[in-house]
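# Residue-level structural notes
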Amino acid sequence: MTGENTDNDYVDEDVIIEKIIKFDKFENFYCAEREPIKTIVPIKWKINPSCKGFAVQRSGADGISVIELRHLPETSDDAFLVAHEIVHVIRREVDKQYLNITKVNDSILKKYTVDDMGDFASRIGSMFDDPIVDLFLMDKYGFDPAHRYINVVIKETDKNLKTPRDATDELQRFNQAMFYAQYALQWDSIKDPEALRKWHAFKRRYERKRPMAKKIGSELYLMAKENGYDSQEKQKVLFNKIGDKYTICGIKIKDILYIE
Ligand SMILES: [Zn+2]
C-alpha cells in the first residue's frame with residue numbers, strides 16, 4: 001500500500017548479507033535456504049528509516065518480493081529478523097503456503113483507510129505465519145527467538161501499556177488482540193524456564209492493562225490451536241471461523257477482507 005519505488009531506492013542483497021553472514025546460524029540458514037533459489041526468487045531490498053518494524057516484507061506491484069529494513073542489520077537479533085522475512089518470502093513464493101488477502105469491502109473505507117486495511121491484513125497474515133516461521137528457524141537452525149521476544153517485543157509493548165486501558169477504536173482493539181494471540185502462539189515453542197517466567201509475568205500485566213484485547217486474544221489463540229494453522233488450507237478455515245465470529249463497524253471480518 002506504499003508508493004512504488006524506483007530502482008535507485010534498492011540496495012544489493014549482498015550488501016545486506018555481508019553484515020550478518022558472520023553469525024553461524026544465519027550463514028547456515030542463508031546457504032541452505034536462500035542461495036539455491038536466489039535467482040529464481042528475486043528479492044528487492046530497501047533501507048527505509050521509517051519502516052514500521054525493523055524488517056517487513058511484501059509482494060511488490062510487479063510480483064517481486066520486497067524486504068524493507070529500517071537500517072542495515074548489525075546484531076544477531078537483526079540477523080534473525082532478516083532470516084524471518086526471507087522465510088516469509090519462501091513460504092509465499094516457493095511453498096505457496098500463504099494466505100492471500102486480495103480485496104477490501106468498500107463500506108469499511110468510510111471509517112478506515114486503505115492503509116489501515118493493508119496493515120490489518122498483514123497482521124492477520126503475521127498471526128498465522130510468524131509462529132510457524134520462528135519455530136522453523138529455531139528447530140532447524142538454532143535461532144533463539146525468545147531473546148528477541150523478551151528484549152524487544154515485551155520491552156516495546158510495556159511502553160505502550162503505560163496507557164492503562166483498552167483501545168476504544170474497534171480495529172485497534174482487534175489488532176491488539178491479534179498481537180496477543182500471535183505472541184502467545186510464538187511463546188508456545190519456547191521451553192526455557194527463565195524466559196517463560198518473563199512471558200507469564202508479561203501476560204499478567206497485559207491482562208490488567210488490556211482486559212478486552214487479552215480476552216479476545218485468548219479466544220483467537222484457542223481457535224488457532226484447535227483448528228491448526230500450519231497449512232494454507234487450515235489458515236483459510238481459521239480465517240473464515242474468525243471472520244464469522246468477529247465484527248468491525250458491525251461488519252463481519254470475513255465480509256471486510258476477502259481471501260483468494
Ligand atoms: Zn513475520
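Residues numbered from 1 in each chain as written. Predicted model: local features only at pLDDT ≥ 70, side-chain atom pairs only at ≥ 80, totals over all residues.

## What about the overall build of the protein?
Looking only at helices and strands, one finds nine helices and eight strands in the protein. Against the compact-globule benchmark of 18 Å for 260 residues, the protein has a radius of gyration of 18 Å, which places it among compact chains. Across the 260 residues of the protein, 31% fall into the buried class. Counted over contacts in the protein with a minimum sequence separation of 6, partners at least 24 positions apart contribute 70%. (Helix = DSSP H or I, 4+ residues; strand = E, 2+ residues; numbered from the N terminus. Rg over C-alpha atoms; globule rule 2.2 N^0.38 Å. Buried ≥ 20, exposed ≤ 12 C-beta atoms within 10 Å, placed from the backbone. Contact = placed C-beta atoms within 7 Å.)

## Points about the nonpolar core
Among the nonpolar cores identified, the biggest contains 33 residues, and A177, M178, Y180, A181 and L220 are the most heavily contacted of them. Only helix 4 (114–141), helix 5 (145–160), helix 6 (170–187), helix 7 (193–209), helix 8 (211–227) and helix 9 (232–245) provide two or more residues apiece to this core. Ranked by size, the runner-up nonpolar core spans 26 residues in total, among them I16, V66, A79 and V87. (Core = buried A, V, L, I, M, F, W, Y, C linked by C-beta atoms within 7 Å.)

## Regarding the domain arrangement of the protein
Many authors give the size of an interface as the accessible area that is lost as the parts come together. Domain annotation of the protein identifies domain 1 (7–93) and domain 2 (101–259). Inter-centroid distance (C-alpha atoms) of domain 1 to domain 2 is 23 Å. Listed as interface residues are ten residues of domain 1 and, on the opposing side, twelve residues of domain 2. Taken together, the elements giving at least two residues each to the side of domain 1 that touches domain 2 come down to helix 2 (24–34) and helix 3 (76–93). It is helix 3 that provides the largest number of residues to the side of domain 1 that touches domain 2, a total of seven residues. (Domains from an automatic or database assignment.)

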